[in-house]
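Okay, here's what each chain looks like letter by letter:
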Amino acid sequence: MDGALPARARGLRHARPHAGEGATTFELFFDLVYVFAVTQVTDLISHEHGAEGVLHGLILFGMLWWTWCTFVWLGNQLRADVGLGAVGFGLALVGVFVIALAIPSAWDSAGEGLPGPVVLVSAYLFVRLVHLVVYTIAARDDAGLRRQIAISRLPLLVQAVLLVIGVVVGGQAQTALFAIAMLGEWLSVYLTSRHGSWRIYSASHWTERFELFVLIVLGESLVAVGVGAGEHPLTIPLLLAAGLGVVLAICLWWLYFDLVAAATGRRVAELAGTERIRIAFEAYVYGRFPLVAGVLLAAVGVEGALRLAGTDESLGAFYGLCLVGGVALHLIGHLIFDLRVQRARNVARACALVILVGLAPAIIRLPALGGLAAVTMVLVVLVVFERLYFVELRRQSRDA
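Residues numbered from 1 in each chain as written. Predicted model: local features only at pLDDT ≥ 70, side-chain atom pairs only at ≥ 80, totals over all residues. Heavy atoms only, no water.

**What about the overall build of the chain?**
- The number of helices and strands found in the chain is 16 helices and 0 strands.
- In terms of overall size, the chain behaves like a compact globule, its C-alpha atoms giving a radius of gyration of 22 Å where 400 residues would be expected to give roughly 21 Å.
- Principal axes of the C-alpha set define a box for the chain whose edges measure 75 × 60 × 35 Å.
- The 400 residues of the chain split such that 55% are buried.
- Taking as baseline every contact in the chain between residues at least 6 positions apart, the subset at least 24 positions apart corresponds to 80%.
- Just so you have it, the chain exposes about 16,500 Å², and 69% of that area is on carbon and sulfur atoms. (Helix = DSSP H or I, 4+ residues; strand = E, 2+ residues; numbered from the N terminus. Rg over C-alpha atoms; globule rule 2.2 N^0.38 Å. Buried < 20%, exposed > 50% of the residue type's maximum accessible area, 1.4 Å probe, protein only. Contact = heavy atoms within 4.5 Å. Areas by Shrake-Rupley, 256 points an atom, 1.4 Å probe, with all protein chains shown as cover.)

This is how it looks when you write it as structure tokens:
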């Protein structure tokens, strides 16, 4: 069979990640630009300081997430550090960096220099086009995958038209059209891919890549602590708030990496064919988004709490809802993920979610330090409970 393939096609096949192979160093380097981009999104949300700013941030984060996910698929089809893969990832890295630079002015066409929305959309479409071209070349020896990629072109074309119209009209219409463009493509790709012909050659590569993105947003929560604390002199309340922010980040790390990451990695490795693809889309591409978006919003809330530490001011609606809503959204992502991958319902995390939502009105009115302490305490109690309750499951996971 291989002998009938063109030499270049055989070369591309040999350049795929093999089963059990993880991320390449160039993919890790590629991820670094997303660290900068995520920081830009949190800064935008904090600067706009309102519901519209949160919506803008989530739209931009959704666009970043989608570009990143497409290159996870590509990296599983074609090694990112060899030949064509290196060219594609390198060009995309430049494009994503330009997207990140344009984020602060994504809704501002009146400032000095180039119009931000035009730069943002141009760079975004450039990254998507690079992915599409490289993926098409990499799939030249796989007729089913070529058909699947061809199907995905129409949703991208519709999205591109909506984004360009949004740039032209600006304002709230731009927000609406950007949101429709993003959600429309997500829905279209989901409907055409659940039983499609996408490929995941290395389950370990796939799961490791998504674990790394969780670490990116968790790192942003630590950066938020530093940014919030760096604006004020060192005081006891500030140090307490910084400590609470770090503990909150550790709890979020624990909730994912203690048991979930390893268990879901094994689950994906056990599956094959269409079922593996469905898990990949439903649990990872879509199910992970609320999980990581929640950490991003929580980081904005933590940064606000640090800024107000040592004062009698309350967290307020904006920072309080970002903090509570972000952690709640993160827990919702876990519940969706567990239900889809493990077919399990985590009652403890569901209870923590309900408690957080119930405490939200009080947390908003508490002094910033008290509100941050309340949210952190809910997570600490949850982590301690799971640490004691899942002792046997943790032992089995280590043995596995």
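**Considerations on the confidence of the model for the chain**
- Taken over all residues, the pLDDT of the chain has a mean of 85, while the share at 70 or more is 91%.
- For the chain, helix α1 (residues 7-14) is the element with the lowest average pLDDT, namely 48, and helix α4 (residues 83-102) is the one with the highest, namely 94. (pLDDT = per-residue confidence, 0-100.)

**Examining unusual backbone geometry**
- Phi at H49 is positive, roughly 50 degrees, even though this residue is not glycine.
- By secondary structure assignment, the location of H49 is in the loop between α2 (25-48) and α3 (51-77).
- According to the relative accessible area criterion, H49 is partly exposed, its value standing at 41%.

**Things to note about helix α10 (residues 260-270)**
- Of all the residues in α10, the buried ones are V260, A261, T264, G265 and V268. Buried residues in α10, looked at end-on, bunch into an arc of 120 degrees, giving them a common side. (Arc of directions from axis to C-beta.)

**As for the nonpolar core**
- Grouped together as the largest cluster of nonpolar side chains are 129 residues, with contacts concentrated most on F61 and W73.
- Sort the elements by how many residues they give to this core and α3 lands first, with 14 residues.
- The contacts of W73, once residues within four sequence positions are left out, are Y135, W198, R199, I200, W206, I277, A280, F281 and V285. (Core = buried A, V, L, I, M, F, W, Y, C linked by side-chain atoms within 4.5 Å.)

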